[in-house]
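Listed below, chain by chain, are the residues.
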Amino acid sequence: MSPGDGIAPFLFTGLALLCAAVAWSDFRSRRIPNAWLAGGLLYAFIVLTWFALPGGFALWWRAIGFALLGMLIGFGLSWPALFTRQLAPGDVKFLMVIGFFLGPIGAVFALLNAALVGGVWAMVLAWRHGGLAHVGHNLRFMARSAWLNGFRHIGWDLRSDGALRMPYGVALAVGAWSVIAWQLWRHGAA
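Definitions and limits used
- Residues numbered from 1 in each chain as written.
- Predicted model: local features only at pLDDT ≥ 70, side-chain atom pairs only at ≥ 80, totals over all residues.
- Heavy atoms only, no water.
- Helix = DSSP H or I, 4+ residues; strand = E, 2+ residues; numbered from the N terminus.
- Buried < 20%, exposed > 50% of the residue type's maximum accessible area, 1.4 Å probe, protein only.
- Contact = heavy atoms within 4.5 Å.
- Areas by Shrake-Rupley, 256 points an atom, 1.4 Å probe, with all protein chains shown as cover.
- Expected span 1.5 Å × (residues − 1).
- Arc of directions from axis to C-beta.
- Phe/Tyr/Trp six-rings, centres within 6.5 Å; stacked < 30°, edge-to-face > 60°.
- 1 Å grid on protein atoms, 1.4 Å probe; cavity = no way out; pocket = protein on both sides within 12 Å on 5 of 7 lines; lining within 4 Å.
- Points joined across faces, edges and corners; volume = space filled by probe spheres on them.
- Nonpolar A, V, L, I, M, F, W, Y, C, P; charged D, E, K, R; others polar.
- Patch = residues over 30% accessible without salt bridge, like charges linked within 9 Å, V, L, I, M, F, W, Y side chains within 5 Å.
- Salt bridge = Lys/Arg side-chain N within 4 Å of Asp/Glu carboxyl O.

1. Regarding the overall build of the chain
When you go through the chain residue by residue, the secondary structure sums to 6 helices and 0 strands. Ordered by position from the N terminus, the helices and strands of the chain form the series α-α-α-α-α-α. Across the 190 residues of the chain, 35% fall into the buried class. Within the chain, residue pairs in contact and separated by at least 24 positions form 74% of the contacts whose partners lie at least 6 positions apart. With the model as given, the accessible surface of the chain reaches about 11400 Å², and the carbon-plus-sulfur share is 70%.

2. Thoughts on the environment of V47
For V47, the position within the fold is in helix α2 (residues 34-52). Residues V47 and F101 lie 54 residues apart in sequence; the distance between their C-alpha atoms is 9.9 Å. Not counting residues up to four positions away in its chain, the partners in contact with V47 are I7, F10 and L11.

3. A word on helix α1 (residues 8-29)
Think of an α-helix as turning once every 3.6 residues; residues three or four places apart then point the same way. Its 22 residues give α1 an end-to-end C-alpha distance of 31 Å, which sits within 8% of 32 Å, the value for a rise of 1.5 Å per residue. For α1, the set of buried residues is L11, F12, G14, L15, L18, C19, V22, A23, S25 and D26. The arc that holds every buried residue of α1, seen down its axis, measures 170 degrees, which confines them to one face. Opposite its buried face, α1 presents the exposed residues L17, W24 and R28, each directed more than 90 degrees away.

4. Focus: the packing of aromatic side chains
Under the criterion given, the structure shown has 7 aromatic pairs. Here the aromatic rings of Y43 and F101 are separated by 6.4 Å at their centres, their planes lie at 25 degrees, and the arrangement is stacked. A residue pair is termed long-range when its members are at least 10 positions apart, and Y43 in helix α2 and F101 in helix α4 (residues 89-128) qualify at 58 residues. Their ring planes at 85 degrees and their centres at 6.1 Å tell us that F45 and W60 sit as a pair that is edge-to-face.

5. Here's the deal with the layout of surface pockets
In this model, the second largest pocket occupies a volume close to 550 Å³. If you go around the second largest pocket, you meet 26 residues; those closest to its centre are L11, F12, F66, F101 and L102. Among the secondary structure elements, those contributing two or more residues to the lining of the second largest pocket are α1, α2, α3 (57-83), α4 and α6 (168-186). No other element matches α4, which puts 7 residues into the lining of the second largest pocket. Split into classes, the residues belonging to the lining of the second largest pocket amount to 21 nonpolar, 4 polar and 1 charged.

6. A look at a nonpolar patch on the surface
Taken together, L69, L72, F75, W79 and F83 make up a surface patch of nonpolar side chains, about 500 Å² in accessible area. Structurally, F75 can be placed in helix α3. When its relative accessible area of 32% is taken as the criterion, F75 is described as partly exposed.

Below, the structure is given as structure tokens:
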């Protein structure tokens, strides 16, 4: 393993394995272990350092800065969903780690893909449990109350009793996998 071999396979493999572990854990226990996320960050930091530091401190700092910007974008995009209790803190931290691996643009695309997967999954769950009509009613209620409240703090708790729960870490993992697959396809490695 030398810096000339390319960084992408190492980052993509590490992230793909982390996504598999997180998806499995979140699906089975509705938990995303902080130790796994910290281990993923450490792995990405080591890989970035291994490949960028031989090019000089400036290159290393740009690589780490790019990764930190991806992490910040992941937090910024997921924080509103955490604030309205649509995402759990583990999901937000997971998206931040995805952003560290993939950078700012990768974090955005991973979240967009996860939103598509999660939206379809939520509709299927609602349909299976006979709640599509109730979903429509709730969306109208949320839009009306947000409008009347002037879009200020809205006291919704989307984790109410009877609400369908889904492990969103799985959707985030699929979103990250799709970005990895797209990058591999785009660069002819797949």
